[in-house]
Amino acid sequence: MEMGKRTSTIGIFTTSTQAGRYRLTGALQYVTAHPDIQPVIITVPFRGKAVVRQALVKRQFDGALVWSTVALEALDEAPLDIPIVSALGPRKVRNVAIDATFDLDEREVVRAAADLALRRGHQNFAYVPSIRPAERLRSDLRGRLFSDFIGEAGHLCITPDSVPGSGKPVTDTTAGLIRWLTGLPKPCLVLAYCDNRAYNVINACRSAGLSVPGQVNVIGIDNEIAICENVRPTITSVWPDFEGCGFRAAETLHRFILDGRPRRPLHRTCGCKDVVERASTIDMRGGGMIVSRVKELLRCEFADPKLSIVNIAKRLHVSRQLLDLRCREILGHSVHDELTSLRIAAAKRLLARGDMSVDEIVRSCGYNSANAFRYAFRSATGCTPKSWQEHG
């Protein structure tokens, strides 16, 4: 797309949550590659409509990226005739026209959690919903999807009953959550609506004297680092592709500013970036701890072209043969396959963005040469990187 010379000023109305920071990172990755965009970042507090109004008075924006509900409400009260792209998913607004929305592909996000749960060989599954009324629809959807995926494998997912007369799940209170967790068949894997609810589950298990991950395994959603890594045990979490969502939202807004707004609102979805496995789902069979450490090491260092099973084994003080054996027992594939999977997944995300050359992607994904990358990509996907980018 040919970019104009005029500088376009866009307002990015974001939040201080981890998801907001992920989206902002993705948006700024796009903006950095396009010098004709001047971003103005406005972090909107929970009750921050005045912050939004002040920003609108001070600045004249050519377009706006919005992933703050408060900001969207403020814009609805004082609508602007500019392109607006939201990363909040569909929202009911009366006065402001949302030109495009980017939402999570809930099926893909929940499927990632279910796949991990089933790979672990669990027989008992449960789901803990949100306690916030505003999140109830999305929470109920995640619960239904998890039950469906578990049901396809011949298992039953337990969801909490409602308190008579209130319609609220029994898990809405700490005492109710403790009683409910105590009554679950053990061992059990519990998917929580989000990481904050997973944190509640961990604490409730501690109060109930239930061991995690021995009796209860816990998975959250969102990969909120501040939550997942500051509780013991640390929390396994599904990591939605918030960065990709922010990148595509910025790209779409830029196109609307240059080429005109769409005739009809667009709706796009973003899927799952990864499942970050931590201590709350460590497989305790044989080498479960070793495999958990391998997965974390690979996730952090897959872009290093010098990374190999030999140096991984040395760092973990085990033999190469034992390391590969434990991975095959627990993951169902080799260390090399796990590393390749991470690198190809990263390559797909970068190809989808469309702002990097093949050589840049090769370096970013840990390959020593473009030929090695193309061979690995074709072996994994059945097509070339260029073909996948055009048609995938």
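Here, every reference points to the structure presented above.
Residues numbered from 1 in each chain as written. Predicted model: local features only at pLDDT ≥ 70, side-chain atom pairs only at ≥ 80, totals over all residues. Heavy atoms only, no water.

(A) Summary view of the packing of aromatic side chains. The tally for this structure, following the rule as stated, stands at seven aromatic pairs. Ring geometry for Tyr22 against Phe242: centres 6.2 Å apart, planes inclined by 10°, an arrangement best described as stacked. Here Tyr22, found in helix H1 (residues 18–32), pairs with Phe242, found in helix H9 (residues 242–259); they are 220 residues apart in sequence, far enough to count as distant. Between Phe377 and Trp388 the ring centres are 6.3 Å apart and the planes differ by 80°, which places this aromatic pair in the edge-to-face class. One end of the pair, Phe377, is in helix H15 (residues 370–381); the other, Trp388, is in helix H16 (residues 385–391), with eleven residues separating them in the sequence. Note on accessibility: Phe377 and Trp388 belong to one class, buried. Three or more aromatic residues joined by ring pairs form one cluster here, namely Tyr367, Phe373, Phe377 and Trp388. The side chain of Arg343 reaches across the aromatic face of Tyr367, ending 5.4 Å from its centre. (Phe/Tyr/Trp six-rings, centres within 6.5 Å; stacked < 30°, edge-to-face > 60°. Helix = DSSP H or I, 4+ residues; strand = E, 2+ residues; numbered from the N terminus. Buried < 20%, exposed > 50% of the residue type's maximum accessible area, 1.4 Å probe, protein only. Lys NZ or Arg CZ within 6 Å of the ring centre and 35° of its normal.)

(B) Structural context of the nonpolar core. Membership of the largest hydrophobic core comes to 41 residues, with the highest contact counts inside it found for Ile10, Phe13, Leu65, Val66, Trp67, Ile84 and Val85. It is H9 that provides the largest number of residues to this core, a total of seven residues. If sequence neighbours within four positions are ignored, Ile84 has contacts with Ala64, Val66, Leu75, Val96, Ala97, Ile98, Asp99, Ala100 and Leu253. Leu331, Ala346, Ala347 and Ile361 belong to the second largest nonpolar core, which has 33 residues in total. (Core = buried A, V, L, I, M, F, W, Y, C linked by side-chain atoms within 4.5 Å. Contact = heavy atoms within 4.5 Å.)

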